[in-house]
Amino acid sequence: MSINNSLIIENLTKLYGYGLLGLKKFKVLDSISLNIDLEKPKIVVLAGETGSGKTTLLRVIMGVVKPDSGRVMYKGYDVHRLKGSMVRWYRREVQPIFQDPYETFNPLRRIDSYFRDTVRNICGIRNGDEIERRIDEALRFVGLSLDRISGKYPHEFSGGELQRISIARALLTNPKILLADEPVSMLDATLRVNILNILKYLKEKLNMVIIYVTHDLSTAYYIGDYIAVMYRGTLVEYGPTSKVYQEPKHPYTYALLESILEPDPALREKYPLIKPSALEIKEFLIYGCRYASRCPYAKDVCFRKLPPFIEIDGEYVRCWRYTNYKE
Ligand SMILES: Nc1ncnc2c1ncn2[C@@H]1O[C@H](COP(=O)(O)OP(=O)(O)OP(=O)(O)O)[C@@H](O)[C@H]1O
Ligand SMILES: [Mg+2]
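Please read all numbers here as calculations on a predicted model, not as lab measurements. (Residues numbered from 1 in each chain as written. Chains lettered and ligands numbered in written order. Predicted model: local features only at pLDDT ≥ 70, side-chain atom pairs only at ≥ 80, totals over all residues. Heavy atoms only, no water.)

Further remarks concern the packing of aromatic side chains. What characterises a pair of aromatic rings is the spacing of the ring centres plus the angle enclosed by the ring planes. Following the criterion strictly, the structure yields eleven aromatic pairs and no others. Site record: aromatic cluster; members linked through ring pairs are Tyr74, Tyr77, Trp89 and Tyr90. When the ring centre of Tyr231 is taken as origin, the NZ or CZ atom of Arg232, which lies over that ring, is 5.1 Å away. Above the plane of the ring of Tyr297 lies Arg321, whose end atom (NZ or CZ) is 3.7 Å from the centre. (Phe/Tyr/Trp six-rings, centres within 6.5 Å; stacked < 30°, edge-to-face > 60°. Lys NZ or Arg CZ within 6 Å of the ring centre and 35° of its normal.)

Written out as structure tokens, the structure is:
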């Protein structure tokens, strides 16, 4: 893997304040490392329950949130140390797609004027015909065209159409990476599959890397070539999706997958998935493995020390069970 063609996330830690005046701190991201090579197109799913730090991680990758330690290297450049024209370059290379397409666009502005401004100001294209061509090309990738959107305002489109439009907007700058934060959660089931298929198509057609955030494991399976499983600010497992689903290594990943396969709702309760509670903050504050208090295999060390992120035949897992550590 070449450094000059990778996104390397190195030991990222981000602290947020909480409690009265936010003076106490918790690690919303703790020692996250992940290498994504940009050579081959791929979709990497970031999966984890609500509050696990997925959006924060995306924002750090985008460069809009600064980590407290660690760094994000894109094609050999530290994303948080870019200056001037390099900042603009990075904004073209890495484009976000948000959860709610109605929030992406100003309701009082016509969509095509939005598109024209982006091509003019961010891509630096001045020629009128070329601007039109670029916009039409981007829209055709998502099954629309400039004619279809010309003169229209955001509210004149359905949620599904508008999400396709926001994907087209992201494509205007010819990005290498799309960061998609739960882009289908506001849509009906049939429209969801449509958006997922568009992303799969773009990946192949435009040789892209897409980082796709979700807490839905069936979506993750459908779309992901790789899956990164997060738990309370830590990355517990990373590997090819088929491998992780067939043979989950971290006890948390195992419990997550069991819970979607478990047909009995009473038993499903055994694996609380989305349950923000007092325990949440407490788990963020543990020095060791955040899952220790729920894990059937937990030993003393798990409560004291964060396990190392180790490689086991093509996968990565952060769990003491896979180390030689003896108490
Ligand atoms: N600016 C902030 N200041 C303080 N705490 C924050 C801030 N942003 C997020 N948090 C907290 O950090 C934790 C992780 O938030 P984040 O939004 O990254 O999670 P998420 O995995 O994207 O969740 P969801 O699935 O609900 O979108 C949560 O406990 C959240 O309340
Ligand atoms: Mg989020």
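Structure shown, so let's carry the discussion forward.
Glancing now at the sheet that holds strand S11 (residues 309-312). Taken in spatial order, the eight strands line up as S6-S7-S8-S3-S9-S10-S12-S11 in an open sheet, and their pairing is mixed. Each edge of the open sheet carries a strand with a single partner, namely strand S6 (94-97) and S11. Sheet twist, expressed as the average angle between the axes of neighbouring strands with direction ignored, equals 20 degrees. Sheet analysis places S11 next to strand S12 (residues 315-318), joined by four bridges and oriented antiparallel. Across the sheet, the residue bridging to Phe309 is Arg318, located in S12. In the packing of helix H2 (residues 85-93) onto the sheet, the strands contacted are S6 and strand S7 (177-181), and the crossing angle to S6 comes to about 50 degrees. (Pairing = 2+ DSSP bridges. Helix = DSSP H or I, 4+ residues; strand = E, 2+ residues; numbered from the N terminus. Axes fitted to C-alpha atoms, helices over the stretch in contact; angles between N-to-C directions. Contact = heavy atoms within 4.5 Å.)

What follows is about the environment of Lys42. Within the secondary structure, Lys42 sits in strand S3 (residues 42-47). Taking the relative accessible area as the measure of exposure, Lys42 reaches 6% and is therefore buried. For the pair Lys42 and Lys176, spaced 134 residues apart in the sequence, the C-alpha separation amounts to 11 Å. Excluding residues that lie within four positions of it along the chain, Lys42 makes contacts with Ile36, Asp37, Lys203, Met208, Val209, Ile210, Asp225 and Tyr226. Separated by 3.1 Å, the side chain of Lys42 and the backbone oxygen of Lys40 make a polar contact. (Buried < 20%, exposed > 50% of the residue type's maximum accessible area, 1.4 Å probe, protein only. Polar contact = N/O pair within 3.5 Å; in protein donor to acceptor, adjacent residues only side chain to side chain.)

Bringing empty space enclosed by the protein into the picture now. Taken as a whole and judged by the stated rule, the model has two cavities of 30 Å³ or more. Here the largest cavity defines a volume of roughly 100 Å³. Taken together, 14 residues line the largest cavity, and the ones lying closest to its centre are Cys289, Cys295, Cys302, Cys319 and Trp320. Residues that form the lining of the largest cavity fall into these classes: eleven nonpolar, one polar and two charged. There is about 30 Å³ of room inside the second largest cavity. (1 Å grid on protein atoms, 1.4 Å probe; cavity = no way out; pocket = protein on both sides within 12 Å on 5 of 7 lines; lining within 4 Å. Points joined across faces, edges and corners; volume = space filled by probe spheres on them. Nonpolar A, V, L, I, M, F, W, Y, C, P; charged D, E, K, R; others polar.)

This paragraph deals with helix H5 (residues 128-141). The end-to-end C-alpha distance of H5 is 21 Å, a good match for the 20 Å that 14 residues give at a rise of 1.5 Å each. Considered for burial, the residues of H5 that qualify are Ile131, Arg134, Ile135, Asp136, Ala138 and Leu139. Residues of H5 that are buried make contact with helix H4 (111-122), helix H6 (146-149) and helix H7 (159-171). Two or three places before Asp129, at the start of H5, stands the capping residue Asn127, its side-chain oxygen 2.9 Å from that residue's backbone nitrogen. The positive-phi residue at the C-terminal boundary of H5 is Gly143, with phi of around 80 degrees. (Expected span 1.5 Å × (residues − 1).)

The next subject is the pattern of salt bridges. Inspection of the entire model under this criterion finds 21 salt bridges. Here Glu10 ties to Arg71 by a salt bridge, and the two come within 2.8 Å at their closest N and O atoms. Of this pair, Glu10 sits in strand S1 (residues 6-18) while Arg71 is found in strand S4 (residues 69-74), placing the two residues 61 residues apart along the sequence. Judged by its relative accessible area of 34%, Arg71 falls in the partly exposed class. In this structure, the salt-bridge partner of Glu93 is Lys75, at a minimum N-O distance of 3.1 Å. Of this pair, Glu93 sits in helix H2 while Lys75 is found in the loop between S4 and strand S5 (77-78), placing the two residues 18 residues apart along the sequence. Take Lys75: its relative accessible area is 22%, and that puts it in the partly exposed class. A network of salt bridges, in which partner residues are shared, links Arg110, Asp112, Arg116 and Glu132. (Salt bridge = Lys/Arg side-chain N within 4 Å of Asp/Glu carboxyl O.)

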